[in-house]
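Okay, here's what each chain looks like letter by letter:
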Amino acid sequence: MTKTTDDVLRAVFITGLKNAHAVEHQALALMDRQLDRLKHYEDVEARLREHRGETETQIERLEAILGQFDEDPSGLKDAAMSLSGNLAALGHAFADDEILKNAFANFAFENFEVASYKSLIVLARNGGFSSALDPLAETLGEEEAMAAWVDDNLTSLTEKYVALKAAGENASR
C-alpha cells in the first residue's frame, strides 16, 4: 500500500511530538540533577528553576496536541530519555569543572530543542495541523530564550568559576 504525503506528514509529526515529549522529560532530569548541586551560582539556579516550570508546561502542551490526534506519549521513550538525562548529569558530577560542563551541555541541549520545535512547526504547517502551531511556537520561543540566556551568561559563568577557584573555593558547583 502506498502512503500519501498527508499520511507521511501525520506519522512524522506524531513521532516528532512523542520524541519532543521524551526530550522534555530528559530536560527535567538534567535540570533536577543540576539544581540538586548548585551552591555558588544563584543566577543559574534561578533560571533553571524558571525553565523547569516552563518545561512542565511544554510537556502539557505536547500532551494536548497528541490528544488531538488520539495519541499518547511513549512511556518507554519518556523513561529512557529521563534515565539518559540523569546519567548525563551524573557524568558531570565528578568533574572539577562540573558547572562549566553543565553549561556547555545546556547550550547544546537547548539548541537541539530549538531545532526540534522548528521542525515540528514545519510539519504542522505543511500537514495542516493549525491548532498545534501556537503551542509549538510558544514552546519554541521559550527554548530560544533559554538558549540565548545560556549563551549570554557563559562568559560571566566562566569568569566566576575561575575567580572562585582562584580563591580556593569548590567552584565546580
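Details of the structure are given in the entry above.
As the structure is a prediction and not an experimental result, all values here were calculated from the model. (Residues numbered from 1 in each chain as written. Predicted model: local features only at pLDDT ≥ 70, side-chain atom pairs only at ≥ 80, totals over all residues. Heavy atoms only, no water.)

1. Things to note about the overall build of the protein
Secondary structure summary: the protein contains 5 helices and 0 strands in total. In the protein, the succession of helices and strands from N to C terminus is α-α-α-α-α. Out of the 173 residues belonging to the protein, those deemed buried represent 43%. Contacts in the protein between residues at least 24 apart in sequence constitute 80% of all its contacts with a sequence separation of at least 6. Carbon and sulfur atoms make up 56% of the accessible area of the protein, which amounts to about 8,900 Å² in all. (Helix = DSSP H or I, 4+ residues; strand = E, 2+ residues; numbered from the N terminus. Buried < 20%, exposed > 50% of the residue type's maximum accessible area, 1.4 Å probe, protein only. Contact = heavy atoms within 4.5 Å. Areas by Shrake-Rupley, 256 points an atom, 1.4 Å probe, with all protein chains shown as cover.)

2. Structural notes on the packing of helix 1 (residues 5–35) against helix 2 (residues 42–68)
Here helix 1 crosses helix 2 at 155°, and the two axes come no closer than 9 Å. With respect to helix 2, the axis of helix 1 lies roughly antiparallel. In terms of crossing hand, the pair formed by helix 1 and helix 2 is left-handed. (Axes fitted to C-alpha atoms, helices over the stretch in contact; angles between N-to-C directions. Parallel < 35°, antiparallel > 145°, perpendicular 65-115°, else oblique. Left-handed = near helix turned anticlockwise from the far one by under 90°.)

3. Considering the packing of helix 4 (residues 98–127) against helix 5 (residues 133–166)
Put simply, helix 4 and helix 5 touch, their axes get as near as 9 Å, and they point 160° apart. As judged from the angle between their axes, helix 4 and helix 5 are roughly antiparallel. Like other packed secondary-structure pairs, helix 4 and helix 5 cross with a definite hand, here left-handed. Residue composition of the contact of helix 4 with helix 5, grouped by class: 20 nonpolar, 4 polar and 7 charged. (Nonpolar A, V, L, I, M, F, W, Y, C, P; charged D, E, K, R; others polar.)

4. Let's talk about the side chain of Glu24
Considering the arrangement of structural elements, one finds Glu24 in helix 1. The buried charged residue Glu24 lacks any salt bridge partner; its closest oppositely charged side chain belongs to Arg61, at an N-O distance of 7.9 Å. Only 2.7 Å separates the side chain of Glu24 from the side chain of Tyr117, close enough to count as a polar contact. Once residues lying within four places of it in the same chain are set aside, the contact partners of Glu24 are Thr55, Gln58, Ile59, Leu62, Glu113, Tyr117, Thr139 and Glu143. (Lys, Arg positive; Asp, Glu negative; His and termini not counted. Salt bridge = Lys/Arg side-chain N within 4 Å of Asp/Glu carboxyl O. Polar contact = N/O pair within 3.5 Å; in protein donor to acceptor, adjacent residues only side chain to side chain.)

5. With respect to helix 2
Within an α-helix, residues lying three or four positions from one another point in the same direction, as the helix has 3.6 residues per turn. Helix length check: helix 2, at 27 residues, gives a terminal C-alpha distance of 40 Å against a target of 39 Å (1.5 Å per residue), a fit within 8%. Positive phi shows up at Asp70, right after helix 2, with a value of about 55°. (Expected span 1.5 Å × (residues − 1).)

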